[in-house]
Amino acid sequence: RAAAVEGVSRHGSGTAGGVVLGKSADKLFSLSGLFAVYKPKGPTSAGVLNLLKERGLAEAGVQTNGNKRNQVLKIGHGGTLDSAAAGVLVVGIGKGTKMLRTMLAGSKKYTAIGVLGKATDTLDATGKVTEEKPYDQVTKGDLENVLQKFTGDIMQVPPLYSALKKDGERLSTLMKRGEAVEAKPARPVRVYSLSLQHFQPPLFTLDVECGGGFYVRSLVSDIGKELSTCATMQELTRTKQGPFTLEEHALYEDKWTIDEIARSLEHCTSLLPAEPPHKKLKTEHPGETAVSCEDK
């Protein structure tokens, strides 16, 4: 989901409530484009975005004012990461907020650690254990063979605890209230590549490259079922979103300054032309767009 945060006002040109804004504020409000930040494990994606916005405004000396808005700092993110997940979060600022939808449609890469023999209601480590099964019979070869079934164009049932909505409310919110929620129907998703990196039972590590709307949590759970046991996701890191990589482009919190963001925007400009169609699979879904509210 492309999420935008607004509500910070800038009064007049170069002034705020009669106070002259410095060069930092002028620079902040002139920033435009896409860049990436590192989202640590713990906060929500929206929380990270709000902190980033607050840092910029504080440095610029701009006061928030929800009532009188002459000019608004536009900032948003594309492709929500769960609180328990870490990694690349693409941020749009200024006119860049209109480009975020493209980030949802592009491919993403993840590294996930799964645990065999245990299932939870959320399909990850934050949930309650709902089932435990033996996993001693599972070999590395078994796991590698199963992965082939989850590569290419596949059907996937989204998790009940998710940002997908029913009657305007998130399924995760309804679940937490104890309301009955029916599973969403399976939907087509695309997995460009899937490989086993480590296998030390009960733990296994996967590298996944997928399209929009894909849930790594569901993948791990489905792999467990396919192996006649169960599995849940212990950790998740997004290493790439569209052309933005964790290693090269993600700004860590100590770099969240106006100058660093400006440098990053300039550095990332070359990444923004539309990516060519993915070469690993020849077919393209007609009208394939940002179908995901969340990617985990």
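All residue numbers refer to positions counted from 1 along the written sequence of the respective chain. pLDDT decides what is reported in this predicted model: residues at 70 or higher carry local features, side-chain atom pairs at 80 or more are listed and counted, and totals for whole chains, interfaces and linings draw on all residues regardless. Processing note: side-chain calculations cover all non-hydrogen atoms of the structure and skip hydrogens and water entirely.

Moving on, we get to the packing of helix α1 (residues 23–30) against helix α7 (residues 258–268). Only the contacting stretch of a helix is used when fitting its axis, a line to C-alpha atoms as for every element, and angles between N-to-C directions run 0 to 180 degrees. Elements are defined by DSSP. Helices are runs of H or I of four residues or more, strands are runs of E of two residues or more, and each kind is numbered from the N terminus. Following both chains from N to C, one finds α1 and α7 inclined at 35 degrees, their axes separated by 10 Å at the closest point. Judged by the sense of rotation from one axis to the other, the crossing of α1 with α7 is left-handed. Together, S24, K27 and L28 of α1 and I258, D259 and A262 of α7 make up the contact between the two elements. Within the contact of α1 with α7, the residues separate by chemical class into 3 nonpolar, 1 polar and 2 charged. Crossing chirality is assigned from the near helix's rotation relative to the far helix, an anticlockwise turn below a right angle marking it left-handed and a clockwise turn marking it right-handed. A contact between two residues is defined here by any heavy atoms of the two lying within 4.5 Å. Residue type decides the class: Asp, Glu, Lys and Arg count as charged, Ala, Val, Leu, Ile, Met, Phe, Trp, Tyr, Cys and Pro as nonpolar, and the leftover types, Gly among them, as polar.

Between the first and last C-alpha of helix α2 (residues 45–60) there are 23 Å, a value that for 16 residues agrees with the 22 Å anticipated at 1.5 Å per step. Positive phi shows up at G61, right after α2, with a value of about 75 degrees. Expected span of a helix: the number of residues minus one, times 1.5 Å.

Bringing the packing of α1 against α2 into the picture now. Running from N to C, α1 and α2 cross one another at 145 degrees; their axes reach a closest spacing of 8 Å. Contacts between α1 and α2 involve S24, A25 and L28 from the first element and G56, L57, E59 and A60 from the second. Class assignment for the residues of the contact of α1 with α2 results in 4 nonpolar, 2 polar and 1 charged.

In this section: the pattern of salt bridges. Salt bridge, as used here, is a side-chain nitrogen of Lys or Arg placed within 4 Å of a carboxyl oxygen of Asp or Glu. Taken as a whole and assessed by the stated rule, the structure comprises 8 salt bridges. Residue K133 is joined to E131 by a salt bridge in which the shortest nitrogen-to-oxygen separation is 3.7 Å. Under the relative-accessibility criterion, K133 is labelled partly exposed at 34%. E131 gets classed as partly exposed once you look at its relative accessible area, which sits at 34%. The partner of K149 in a salt bridge is E226, and the shortest N-O contact between them spans 2.8 Å. Linking K149 in the loop between α4 (140–147) and β10 (152–156) with E226 in helix α6 (residues 216–226), this pair joins segments that are 77 residues apart in sequence. When accessible area is computed with a 1.4 Å probe and restricted to protein chains, residues below 20% of their type maximum are described as buried, those above 50% as exposed, and intermediate ones as partly exposed.

The aromatic pairing rule takes the rings of Phe, Tyr and Trp, using the six-membered ring of Trp, and pairs them if the centres are within 6.5 Å, calling planes under 30 degrees apart stacked, those over 60 edge-to-face and the rest tilted. Applying the stated criterion across every chain, the model contains 1 aromatic pair. Ring plane angle 20 degrees and centroid distance 4.5 Å describe the contact between Y38 and Y252, whose orientation is recorded as stacked. Of this pair, Y38 sits in strand β4 (residues 33–39) while Y252 sits in the loop between β17 (250–251) and α7; the two residues are 214 residues apart in sequence, bridging distant segments of the chain.

Within this numbering scheme, the UniProt entry marks residues 217–251 as carrying the feature "domain: tRNA pseudouridylate synthase B C-terminal" (unreviewed entry). Secondary structure across residues 217–251 comprises 29% helix and 43% strand; the distance between its end C-alpha atoms is 26 Å. UniProt positions are given in the numbering used here, feature names are shortened, and annotations may be inferred rather than shown by experiment.

Bringing unusual backbone geometry into the picture now. Looking along the chain, the bond that leaves P201 and enters P202 is cis, with omega of 5 degrees. Among the structural elements, P202 can be located in the loop between β13 (187–200) and β14 (203–210). Although it is not a glycine, L123 sits at a positive phi angle of roughly 70 degrees. Topologically, L123 is positioned in the loop between β8 (118–120) and β9 (129–132). The backbone of S228 shows a phi angle near 60 degrees, a positive value even though the residue is not glycine. What makes S228 exposed here is its relative accessible area of 56%.

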